[in-house]
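What follows is each chain in one-letter form.
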Amino acid sequence: MKFKYTILYVDNVSETLAFYENAFGLERKMLHESGEYGELFTGNTTLSFSSINLLKQLGKKPIRPNSNGPTFEIAFETNDVKAALSKACEAGAVLVQDAEDMPWGQTTAYVTDNNGFLVEICTPVVNQP
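Residues numbered from 1 in each chain as written. Predicted model: local features only at pLDDT ≥ 70, side-chain atom pairs only at ≥ 80, totals over all residues. Heavy atoms only, no water.

Asker: I keep staring at the overall build of the chain and nothing clicks. Help me out?
Answerer: Looking only at helices and strands, one finds 3 helices and 8 strands in the chain. Traced from its N-terminal end to its C-terminal end, the chain shows the element sequence β-α-β-β-β-α-β-α-β-β-β. For 129 residues, the compact-globule estimate of 2.2 N^0.38 gives 14 Å, and the chain sits close to it at 15 Å. Projecting the C-alpha coordinates of the chain onto the three principal axes gives extents of approximately 50 × 30 × 25 Å. The 129 residues of the chain split such that 37% are buried. (Helix = DSSP H or I, 4+ residues; strand = E, 2+ residues; numbered from the N terminus. Rg over C-alpha atoms; globule rule 2.2 N^0.38 Å. Buried < 20%, exposed > 50% of the residue type's maximum accessible area, 1.4 Å probe, protein only.)

Set out below in structure tokens:
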């Protein structure tokens, strides 16, 4: 079995795809003609977005993200957290935590996206001596 995709439920799929393209430099894989579903290329696993409206039509009861009490995060790895963080904030991401060096050998920063989902921007973990 392999991990195929993650779907985040959002109000506006097209706006969210554009945000992730601008904030994190991701490439659009597709946007369904209905505008209710879209995907971004992220390597082996696809980051997908579905409209809250579509999920409700399917009989589900989605809840909106709570940036003050997140239940998960997505993370993007880069060698330059400060530059990636600056680009994300210029594109409209909201700063949660500025770049910090962690004791386990990683630099991390956190923002929320245009929907309030928590996004980590991090370096690879460097082995400590």
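Asker: Honestly, the side chain of Glu-120 in this entry has me stumped. Any pointers?
Answerer: Of note, Glu-120 is situated in strand β8 (residues 118-122). Buried charge without a salt bridge: Glu-120, with Lys-82 as the nearest opposite-charge side chain at an N-O distance of 16 Å. Contact partners of Glu-120, with chain neighbours within four places excluded, come to Glu-73, Ile-74, Ala-75, Phe-76, Gln-106, Thr-108, Ala-109 and Tyr-110. (Lys, Arg positive; Asp, Glu negative; His and termini not counted. Salt bridge = Lys/Arg side-chain N within 4 Å of Asp/Glu carboxyl O. Contact = heavy atoms within 4.5 Å.)

Asker: Help me understand the sheet that holds strand β4 (residues 46-51) in this model?
Answerer: Pairing between the strands of a sheet comes from backbone hydrogen bonds, and it takes one of two forms, parallel or antiparallel. Read from one edge to the other, the open sheet built from 4 strands follows the order β1-β4-β3-β2, with strand pairing classed as mixed. Each having just a single partner strand, β1 (5-10) and β2 (27-31) make up the two edges of the open sheet. For this sheet, the mean inter-axis angle between neighbouring strands, taken without regard to orientation, is 25°. When strand β3 (residues 37-41) meets β4, the two strands line up antiparallel, connected through 4 bridges. Paired with Gly-38 across the strands is Phe-49, a residue of β4. Along the sheet, helix α1 (residues 13-24) contacts β1, β2, β3 and β4; its crossing angle with β2, the most-contacted strand, is approximately 165°. (Pairing = 2+ DSSP bridges. Axes fitted to C-alpha atoms, helices over the stretch in contact; angles between N-to-C directions.)

Asker: Explain helix α3 (residues 81-90) to me, please; I cannot follow it from the model alone.
Answerer: Since one α-helical turn is 3.6 residues long, residues separated by three or four positions face the same way. Of the positions making up α3, those classed as buried are Val-81, Leu-85 and Ala-88. Projected down its long axis, α3 carries its buried residues within an arc of 65°, all on one side. Of the residues in α3, the exposed ones pointing more than 90 degrees away from the buried face are Lys-82 and Glu-90. On its buried side, α3 packs onto α1, β6 (94-102), β7 (106-112) and β8. Gly-92 lies just past α3 and shows a positive phi near 115°. (Arc of directions from axis to C-beta.)

All quantities given are derived from atomic positions and should not be read as evidence of function.
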